[in-house]
Amino acid sequence: MLALSRKAGESVMLGNDIELTILEVKGEQVKLGIRAPKDVAIYRKELFEQIQAANREAMESAIAGINNINELFGN
Amino acid sequence: MLVKTRFFGEAQIDEEKILTFENGIMGFEEMKRWTIIYDIEKGADGAISWFQSLDEAGLALPIISPYSITDVYSPIVEDELLKPLGEFKDEELLVFLVLTIPGENPKETTANFKAPILINPANKKGLQMIVNNEDYHIKHKLSDTLKNK
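Here's what I pulled together on the structure shown here. Bear in mind the structure is a predicted one, so any value in this text is a computation, not a measurement.

What counts, and where the lines are drawn
- Residues numbered from 1 in each chain as written.
- Chains lettered and ligands numbered in written order.
- Predicted model: local features only at pLDDT ≥ 70, side-chain atom pairs only at ≥ 80, totals over all residues.
- Heavy atoms only, no water.
- Helix = DSSP H or I, 4+ residues; strand = E, 2+ residues; numbered from the N terminus.
- Rg over C-alpha atoms; globule rule 2.2 N^0.38 Å.
- Areas by Shrake-Rupley, 256 points an atom, 1.4 Å probe, with all protein chains shown as cover.
- 1 Å grid on protein atoms, 1.4 Å probe; cavity = no way out; pocket = protein on both sides within 12 Å on 5 of 7 lines; lining within 4 Å.
- Points joined across faces, edges and corners; volume = space filled by probe spheres on them.
- Nonpolar A, V, L, I, M, F, W, Y, C, P; charged D, E, K, R; others polar.
- Pairing = 2+ DSSP bridges.
- Axes fitted to C-alpha atoms, helices over the stretch in contact; angles between N-to-C directions.

Now for the overall build of chain B. The secondary structure content of chain B amounts to one helix and ten strands. Counting helices and strands in the order they occur from the N terminus, chain B gives β-β-β-β-β-β-β-β-β-β-α. Over its C-alpha trace chain B gives a radius of gyration of 15 Å, about what one expects of a compact globule, namely 15 Å for 149 residues. Carbon together with sulfur atoms contributes 49% to the accessible area of chain B, which is approximately 7,600 Å² in total.

Another point: empty space enclosed by the protein. Scanning the model with the defined rule gives two cavities of 30 Å³ or more in all. Each pocket or cavity is described by its volume, and for the largest cavity that value is around 50 Å³. In terms of lining, the largest cavity is formed by Thr 20, Phe 21, Glu 22, Asn 23, Gly 24, Pro 84, Lys 125, Gly 126 and Leu 127 of chain B. Per-element tally for the lining of the largest cavity: the top contributor is strand β9 (residues 125-128) of chain B, with three residues. Looking at the lining of the largest cavity residue by residue, the classes come out as three nonpolar, four polar and two charged. Empty space within the second largest cavity amounts to approximately 40 Å³. Every residue along the wall of the second largest cavity is listed here: Ala 54 of chain A together with Val 98, Thr 100, Thr 110, Ala 111, Asn 112, Ile 138 and Lys 139 of chain B. Within the residue set of the lining of the second largest cavity, elements represented by two or more residues are β7 (94-100) and β8 (110-120) of chain B. Examining the composition of the lining of the second largest cavity, we find that three residues originate from one element, β8 of chain B, more than from any other.

A few words on the sheet that holds strand β2 (residues 18-26) of chain A. All names here are of chain A. Pairing is antiparallel in the open sheet, where three strands are placed in the order β1-β2-β3. The open sheet terminates on both sides in strands that have one partner only, identified here as β1 (11-14) and β3 (29-35). Each strand axis lies, on average, 25° off the axis of its neighbour in the sheet, ignoring direction. Two elements, β1 and β2, share four bridges in a ladder whose sense is antiparallel. Each bridged residue has a counterpart across the sheet, and for Val 12 the counterpart in β2 is Leu 20.

Here it is in structure tokens:
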């Protein structure tokens, strides 16, 4: 992983159309500004990881014989 | 083509039923080819289908149309993020939610409202997308949404 030191107000370019700016550094928190084309999806990594985990968990769904939501509730 | 499936043994899948997910789905980014399998005998109403990998027989997850479990599902996404789907009309886009069904307690089943699977039926391209809706969560208990219906 590339590590760059930057101060508040300074930026990093990713390619030529994504700009990452350090807006503020306060104790343990860093506020980032991101300028990117609209077709670039930007998420907090935690959210992405939660969805990865949810998909993996869904793969474990063992429901041989259940093919309809009503059957889940014993109807 | 003849494919091995997780729950239905070997199944004959028409070429036109092959879905291409260029970025896979989250957690399974390398799996690009999928299909949807359902049990016709059980009828379409409230039907749970299986989103089955064509690259790895052991990978299949249950999916359902949001409209089977809730009256209103209005995901908010940036149009630009749907570019990988190619050209489509909004009303033609297929939407599915991923279900997690705990084997030991199916009543605790949850649906992922936050990351629907979207498919363009015209070119069979699909993707899984994180939507902006603040009140959509990764684990909506089905028993709650059905109660509210």
